[in-house]
Amino acid sequence: MISYALINKETLSYICEQRKVSTIYLQKKTHYKVERIEKWLDPSDKLYPTIKQAKKVSSCLHIPFAGLYMNPQDIPTKKIPPIRNMRTINGNDIDDESALGIAMIDLLLERDFLEEITREVGTSLGSYSPPQLSGNDPYYWANKIRSIFGLDLSFQYKCPSARQFYLYLRSRIESLGIFIHCFTDVPVEIVRGIAIYDEKIPIIGINADDRPPGKSFSIIHELVHIFKRESTICNEMFNSLSSIQEEIFCNAVAGELLVPGKALNIILENEHIVPPFSIEQIGTLAKRFSVSREVIIRRLLDTSRIDSIEYDTFLDEFKVELEQQRIEQKDTPGKRIPQNIVRSTFDRTSQAICNALYKGYTEEIYSKKDISRHLGIDQKHIGKFLVEVSKWNN
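These figures come from a predicted structure and were not determined experimentally. (Residues numbered from 1 in each chain as written. Predicted model: local features only at pLDDT ≥ 70, side-chain atom pairs only at ≥ 80, totals over all residues. Heavy atoms only, no water.)

Chemist: How should the overall build of the protein chain be read in this particular structure?
Modeler: The helix and strand tally for the protein chain stands at 18 helices and five strands. For the protein chain, the C-alpha radius of gyration of 22 Å lies close to 21 Å, the compact-globule estimate for 394 residues. C-alpha atoms of the protein chain, sized along the principal axes, occupy 75 × 50 × 45 Å. Expressed as a percentage of the 394 residues in the protein chain, the buried residues total 49%. Sequence separation of at least 24 residues holds for 72% of the intrachain contacts in the protein chain that already meet a minimum separation of 6. The protein chain carries 51 positive and 52 negative side-chain charges, and their two centres are separated by 5 Å. (Helix = DSSP H or I, 4+ residues; strand = E, 2+ residues; numbered from the N terminus. Rg over C-alpha atoms; globule rule 2.2 N^0.38 Å. Buried < 20%, exposed > 50% of the residue type's maximum accessible area, 1.4 Å probe, protein only. Contact = heavy atoms within 4.5 Å. Lys, Arg positive; Asp, Glu negative; His and termini not counted. Charge placed at Lys NZ, Arg CZ, Asp CG, Glu CD.)

What follows is the structure in structure tokens.
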């Protein structure tokens with residue numbers, strides 16, 4: 001017997017409208033026919049989804065299944081703010097921005113959640129005060145940002161992994177009132193980072209599917225936009241031919257901060273690393289600074305140690321290598337490294353939210369079930385999640 005979900009169709013239509021989600025996007029994500037989805041969205045139509053179908057739609061929209069039964073006015077949502085598109089897209093179909101709309105609403109709602117739980121547990125958010133930075137000298141900006149957030153280059157050298165450095169950056173920057181949280185279900189090549197400027201609590205959104213070195217770069221890149229009081233969506237951090245001046249500047253600041261020119265000079269001289277550079281040498285430098293190889297070759301380009309042709313050649317080699325790894329993983333699924341649910345959840349969740357949940361649990365304000373429900377992971381993982389949070393708890 002088929003069990004139909006007698007959802008509130010007006011609510012489903014309202015959520016799609018607020019998040020700017022198209023029926024084509026729902027069709028691609030759920031694999032249900034457009035005609036069927038349109039009937040589910042039409043309050044006058046008698047066709048309802050089954051419970052299984054409705055759960056799949058709610059998952060696609062990033063809302064609880066129970067939310068489909070609520071009245072539209074009771075659904076927590078946000079208006080997508082005006083935002084500048086700074087992306088350079090080559091050959092990718094971005095006619096449908098449904099996933100981006102969902103991602104931005106998620107970031108805004110998570111920031112609201114942070115404000116709510118900090119009130120409940122009695123903690124205060126870091127106080128954001130926009131710095132007075134001027135000019136267009138990447139060296140000046142990078143050094144000011146290092147000073148403002150107390151970013152320690154010696155700590156960067158000692159980081160055992162790029163992931164640890166990413167978590168360090170996130171923690172330091174969130175400590176001064178900037179909300180950093182990962183968004184999901186958007187391809188990295190479509191959006192790597194989002195900056196939403198706000199005088200009280202600005203937001204930096206990072207793509208959860210990016211690698212830790214990419215996340216670190218995006219944090220600093222989007223931070224520059226925030227300091228310039230800009231709301232933006234960005235994707236291409238390593239294009240040598242970028243014509244968008246704001247993006248060139250943000251990339252230059254991020255590159256100088258993550259791989260300071262003076263520090264790079266010292267390492268190259270002390271270790272006698274000279275052109276022509278090998279991929280192995282670039283990999284060694286990347287590990288030293290806990291950044292990606294793409295950042296290293298960008299710094300070599302910026303400091304005139306390689307030219308644009310060499311830069312693009314290296315970049316193409318890295319892309320081919322990454323694609324080959326993806327093909328090998330697809331062809332040999334048994335050799336895939338199983339996902340560490342606890343770490344991936346911690347890595348994508350704002351440090352400030354993690355800290356507040358941890359405090360709420362230790363003071364018996366929240367249960368493991370409460371935390372499990374919000375994070376969307378099984379309750380059996382919450383104990384280990386709290387242990388992970390404790391390592392970085394301020």
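On we go from here.
Chemist: Whenever I open this one, the sheet that holds strand β5 (residues 232–234) confuses me. Can you help?
Modeler: Strand-to-strand pairing in sheets goes through backbone hydrogen bonds, with the strands running parallel or antiparallel. Strand order in the open sheet formed by five strands is β1-β5-β3-β4-β2, and the pairing between neighbours is mixed. Of all strands in the sheet, those with a lone pairing partner are β1 (84–85) and β2 (179–183), marking the two edges. By the bridge criterion, three bridges tie strand β3 (residues 193–196) to β5 in an arrangement that is antiparallel. If you follow glycine 193 over to β5, its bridge partner there is cysteine 234. The strands that helix α9 (residues 212–227) touches are β2, β3, β4 (203–207) and β5; relative to β4, the one it contacts most, it runs at about 150 degrees. (Pairing = 2+ DSSP bridges. Axes fitted to C-alpha atoms, helices over the stretch in contact; angles between N-to-C directions.)

Chemist: What am I meant to see in helix α1 (residues 9–18) here?
Modeler: Helical periodicity: at 3.6 residues per turn, an α-helix aligns residues three or four positions apart in one direction. Where α1 is concerned, the buried positions are Lys9, Thr11, Leu12, Ile15 and Cys16. Buried positions in α1, seen along its axis, are confined to an arc of 160 degrees and lie on one side of it. Buried residues along α1 sit against α2 (23–30), α3 (34–41) and α4 (51–61). For α1, the capping residue at the N-terminal end is asparagine 8, with a side-chain oxygen 3.1 Å from the backbone nitrogen of glutamate 10. (Arc of directions from axis to C-beta. Polar contact = N/O pair within 3.5 Å; in protein donor to acceptor, adjacent residues only side chain to side chain.)

Chemist: What should I look at first to understand the pattern of salt bridges in this one?
Modeler: Between side chains of opposite charge, a pair can form as their charged atoms come close. The final tally for this structure, using the stated rule, is 19 salt bridges. Two residues, arginine 288 and glutamate 271, come together in a salt bridge whose shortest N-O distance is 2.5 Å. Of the two residues, arginine 288 is situated in helix α12 (residues 279–289) and glutamate 271 in the loop between α11 (261–270) and α12; the sequence distance between them amounts to 17 residues. Between aspartate 302 and arginine 299 there is a salt bridge, with its nearest N and O atoms 3.6 Å apart. Here aspartate 302 and its partner arginine 299 are both found in helix α13 (residues 293–302), three residues apart, which amounts to about one turn of the helix. In this structure aspartate 302 comes out as partly exposed when scored by relative accessible area, which is 33%. One network of salt bridges, in which partners are shared, links Arg163, Asp347, Glu388 and Lys391. (Salt bridge = Lys/Arg side-chain N within 4 Å of Asp/Glu carboxyl O.)

Chemist: Explain the pairing of β4 here, please?
Modeler: For β4, a buried count of five out of five residues is recorded, marking the element as mostly surrounded by other parts of the structure. Burial of β4 is two-sided: the residues Ile203, Gly205 and Asn207 facing one way and the residues Ile204 and Ile206 facing the other way are all buried. Of the pairings in the sheet, the one linking β2 to β4 comprises five bridges and is parallel in character. Counterpart to phenylalanine 183 in the pairing with β4 is asparagine 207. Between β3 and β4, which pair antiparallel in sequence order, lie six residues.

Chemist: How do you make sense of the pairing of β3 when you look at a structure like this?
Modeler: Of the two faces of β3, the one holding Gly193 and Ala195 and the one holding Ile194 and Ile196 are both buried throughout. Pairing of β3 with β4, which is carried by four bridges, proceeds in the antiparallel orientation. When the sheet's bridge partners are listed, glycine 193 is paired in β4 with isoleucine 206.

Chemist: For this particular structure, what's the right way to read a nonpolar patch on the surface?
Modeler: Among the surface-exposed residues, Ile2, Tyr4, Leu6, Ile51 and Tyr69 lie close enough to one another that they form a single nonpolar patch of about 500 Å² accessible area. By the element assignment, tyrosine 69 lies in the loop between α4 and β1. Taking relative accessible area as the criterion, tyrosine 69 reaches 38% and is therefore assigned partly exposed. (Patch = residues over 30% accessible without salt bridge, like charges linked within 9 Å, V, L, I, M, F, W, Y side chains within 5 Å. Areas by Shrake-Rupley, 256 points an atom, 1.4 Å probe, with all protein chains shown as cover.)

Chemist: Help me understand the side chain of arginine 19 in this model?
Modeler: Residue placement: arginine 19 occurs in the loop between α1 and α2. Beyond its immediate sequence surroundings of up to four residues, arginine 19 is in contact with Leu61, His62, Ile63, Pro76, Ile80, Ser98, Gly101, Ile102, Ile105, Asp106 and Leu109.

Chemist: It is not clear to me how the environment of glutamate 363 should be interpreted in this structure. Could you clarify?
Modeler: Here glutamate 363 is to be found in the loop between α16 (351–362) and α17 (368–375). C-alpha separation for the pair glutamate 363 and arginine 119, spaced 244 residues apart in sequence, amounts to 14 Å. Of the polar contacts made by the side chain of glutamate 363, one reaches the side chain of lysine 359; its length is 2.7 Å.

Chemist: Sorry if this is basic, but what is going on with the packing of helix α6 (residues 138–149) against helix α10 (residues 245–258) here?
Modeler: The angle between the axes and the distance between the axes are what describe a pair of packed helices. The N-to-C vectors of α6 and α10 enclose an angle of 55 degrees; their axes lie 8 Å apart at closest approach. When the axis of α6 is compared with that of α10, the two are oblique. For the element pair α6 and α10, the recorded crossing hand is right-handed. Where α6 approaches α10, its residues Pro138, Tyr139, Trp141, Ala142, Ile145 and Arg146 are matched on the opposing element by Phe249, Ala252, Val253, Glu256 and Leu257. In the contact of α6 with α10, the residues fall into nine nonpolar, no polar and two charged. (Parallel < 35°, antiparallel > 145°, perpendicular 65-115°, else oblique. Left-handed = near helix turned anticlockwise from the far one by under 90°. Nonpolar A, V, L, I, M, F, W, Y, C, P; charged D, E, K, R; others polar.)

Chemist: How should the packing of aromatic side chains be read in this particular structure?
Modeler: The relation between two aromatic rings is expressed through the spacing of the ring centres and the mutual angle of the planes. For the coordinates displayed, the defined rule picks out nine aromatic pairs. Geometrically, the ring pair formed by phenylalanine 346 and phenylalanine 385 is edge-to-face, given 6.5 Å between the ring centres and 65 degrees between the ring planes. Note that phenylalanine 346 is positioned in helix α15 (residues 341–348) and phenylalanine 385 in helix α18 (residues 382–392), a separation of 39 residues in sequence. An aromatic cluster is present here, built from Phe155, Phe165 and Tyr168 joined pairwise through their rings. Sitting over the face of the ring of tyrosine 48, lysine 9 holds its NZ or CZ atom 4.6 Å from the ring centroid. Positioned above the aromatic ring of tyrosine 32 is the side chain of lysine 56, whose terminal nitrogen or guanidinium carbon lies 5.4 Å from the ring centre. (Phe/Tyr/Trp six-rings, centres within 6.5 Å; stacked < 30°, edge-to-face > 60°. Lys NZ or Arg CZ within 6 Å of the ring centre and 35° of its normal.)

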